[in-house]
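Examination of the molecular architecture
The primary structure of each chain is shown beneath.
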Amino acid sequence: ERMALPQRIILPPEKICMDWQQRQRPGAGLFNLGNTCYINVILQCLTYTPPLANYLLSYEHSRSCQQQGFCMMCTMEAHVRKVLCSPASAILPGAVLRVLKFIGEKFEYGRQENAYEFLRCTLSAMQRACLRGRRDLDISSQEATIVYQIFGGFMKSRVTCLSCQAVVDSYKAFLDVSLDIRVRASSLTTVLEDCVTPKELDQKECFRCIKCKKKAAASRRVTVHRAPRVLTLCLERADQQTGTKISKFVEYPEYLDLRPYMSDTAGEPLLYSLYALVVHSGDTCLDGHFFCYTKASNGLWYKMDDEFVDSCDIHTVLGQQAYLLFYAR
């Protein structure tokens with residue numbers, strides 16, 4: 001939904017720590033129970049999201065949770081603790097598999113699903129868990145949750161009348177950003193540049209200018225208005241028109257400066273560091289296999305392919321046909 005930009009709400013700084021509180025070897029791998037790789041990769045990427053892991057390992061949520069029955073934050077807290085503290089080389093993500101239907105109605109045990117869909121549903125379920133019992137469900141209370149403080153940002157859409165140059169701004173909250181890689185997309189930076197380039201509205205998007213009061217040609221420019229602490233990007237690999245998989249390699253950096261894609265491009269660089277990514281292998285988007293790469297709290301990279309956790313180097317990490325990218329401020 002589009003909205004006026006709310007005032008910024010900041011959680012106490014001790015609740016969000018971007019650096020690992022404790023450094024250790026990577027945690028356990030996750031057994032695949034038949035087509036559950038899409039669940040495993042998202043759980044691993046979230047487990048190695050430092051501010052989220054720090055928060056979940058602190059018991060902050062479960063100490064005060066009043067929820068009877070399903071609570072996604074409690075579920076994630078139990079899961080992350082089990083992965084990072086287990087002496088076993090691999091564990092069963094049982095806590096999550098048991099509540100699959102509550103995370104998303106469409107998820108069916110044993111059926112291959114999309115990792116990006118599972119990520120979106122998981123973040124939404126965590127957000128709902130933070131808001132449960134709250135009466136004030138306006139945008140400012142939604143912004144005050146730990147989920148939003150970590151993953152949330154705002155996009156700004158500016159529509160400019162090409163007749164009189166009047167502008168109309170609107171804002172949209174996001175927890176992740178989906179990117180179209182069909183056009184001139186050799187690298188993530190070219191994709192992002194394309195995103196923030198003004199585009200003329202087509203005739204179907206009828207624009208009536210508030211200043212010159214007539215239907216006029218107009219252009220829209222979308223920029224990141226408020227940057228998240230953790231930037232989650234999806235490189236859309238399913239071609240919406242043909243249904244085929246887009247298998248091209250899109251170059252992505254270990255360190256990303258978001259400043260050129262912000263509403264305000266002046267100021268200090270906004271530097272992000274890559275800490276996890278998801279890869280889909282397979283000829284079509286409907287089958288195949290998901291695996292991921294994550295940076296553990298010891299600062300080293302690991303390939304996580306279901307129950308197998310193997311160390312690797314940054315060159316291997318940056319050479320993948322990435323599907324989801326996770327960057328931390």
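The structure this text deals with has already been given above.
The shown structure was predicted, so the numbers you read here are calculated from the model rather than taken from an experiment.

Quick notes on the rules
Residues numbered from 1 in each chain as written. Predicted model: local features only at pLDDT ≥ 70, side-chain atom pairs only at ≥ 80, totals over all residues. Heavy atoms only, no water. Pairing = 2+ DSSP bridges. Helix = DSSP H or I, 4+ residues; strand = E, 2+ residues; numbered from the N terminus. Polar contact = N/O pair within 3.5 Å; in protein donor to acceptor, adjacent residues only side chain to side chain. Contact = heavy atoms within 4.5 Å. Core = buried A, V, L, I, M, F, W, Y, C linked by side-chain atoms within 4.5 Å. Buried < 20%, exposed > 50% of the residue type's maximum accessible area, 1.4 Å probe, protein only. Salt bridge = Lys/Arg side-chain N within 4 Å of Asp/Glu carboxyl O. Expected span 1.5 Å × (residues − 1).

Some points on the pairing of strand β7 (residues 218-226)
- Two elements, strand β3 (residues 153-161) and β7, share 8 bridges in a ladder whose sense is antiparallel. Its bridge partner lying in β7, K156 is registered against T223.
- The sheet contact formed by strand β6 (residues 199-200) and β7 spans 2 bridges and is antiparallel. Bridge pairing in β7 places E200 opposite S219.

Points about the side chain of E113
- Looking at the secondary structure, you find E113 in the loop between α6 (100-103) and α7 (115-131).
- For E113, the side chain forms a polar contact with the side chain of K106, separated by 3.3 Å.
- Only 2.9 Å separates the side chain of E113 from the side chain of R111, close enough to count as a polar contact.
- Ignoring sequence-local partners within four residues, the contact set of E113 consists of Y38, K106, F107, E108 and F290.

Overview of the nonpolar core
- In terms of nonpolar packing, the biggest core is built from 63 residues, with I42, M73, I103, F118, F151, V278 and L324 touching the most fellow members.
- When residues of this core are assigned to their parent elements, the largest contribution, 10 residues, is made by α7.
- Setting aside its immediate chain neighbours within four residues, V278 contacts V41, I42, C45, A115, F290, F291, C292, A322, Y323, L324 and F326.
- Within the second largest apolar cluster, 34 residues are counted, among which are F174, L256, L258 and L277.

Things to note about the pattern of salt bridges
- Enumeration over the complete set of coordinates arrives at 7 salt bridges.
- One salt bridge in this structure joins E113 and K106, with 3.3 Å as the shortest N-O distance.
- Among the residues examined, E113 registers a relative accessible area of 8% and is labelled buried.
- Given the relative accessible area of 41%, K106 is considered partly exposed.
- One salt bridge connects R182 with D180, and the closest N-O pair in it is separated by 2.7 Å.
- We classify R182 as partly exposed; its relative accessible area is 38%.
- Each of the salt bridges in this network shares a partner with another, and the network as a whole consists of K106, E108, R111 and E113.

Let's talk about α7
- Relative to the 24 Å expected for 17 residues at 1.5 Å per residue, α7 spans 24 Å between its end C-alpha atoms, a close match to the ideal helical length.
- Burial within α7 is extensive, with 13 of its 17 residues counted as buried.
- Structurally, the start of α7 carries an N-cap: the backbone nitrogen of Y116 is 2.7 Å from a side-chain oxygen of N114.

Some details on the pairing of strand β13 (residues 308-312)
- Alignment of strand β12 (residues 301-305) against β13, held across 5 bridges, turns out to be antiparallel. Considered in β13, the bridge of M304 is made with V309.
- Where β12 folds back onto β13 in an antiparallel hairpin, the turn is made up of 2 residues, including D306, whose phi is positive at roughly 55 degrees.

Comments concerning unusual backbone geometry
- Positive phi values are uncommon outside glycine, yet Q165 reaches one of about 70 degrees.
- Looking at the secondary structure, you find Q165 in the loop between β3 and β4 (167-174).
- Unlike most non-glycine residues, D306 shows phi in positive territory, near 55 degrees.
- Structurally, D306 can be placed in the loop between β12 and β13.
- Assessed through its relative accessible area of 10%, D306 is described here as buried.

Coordinates in, geometry out; function isn't part of it.
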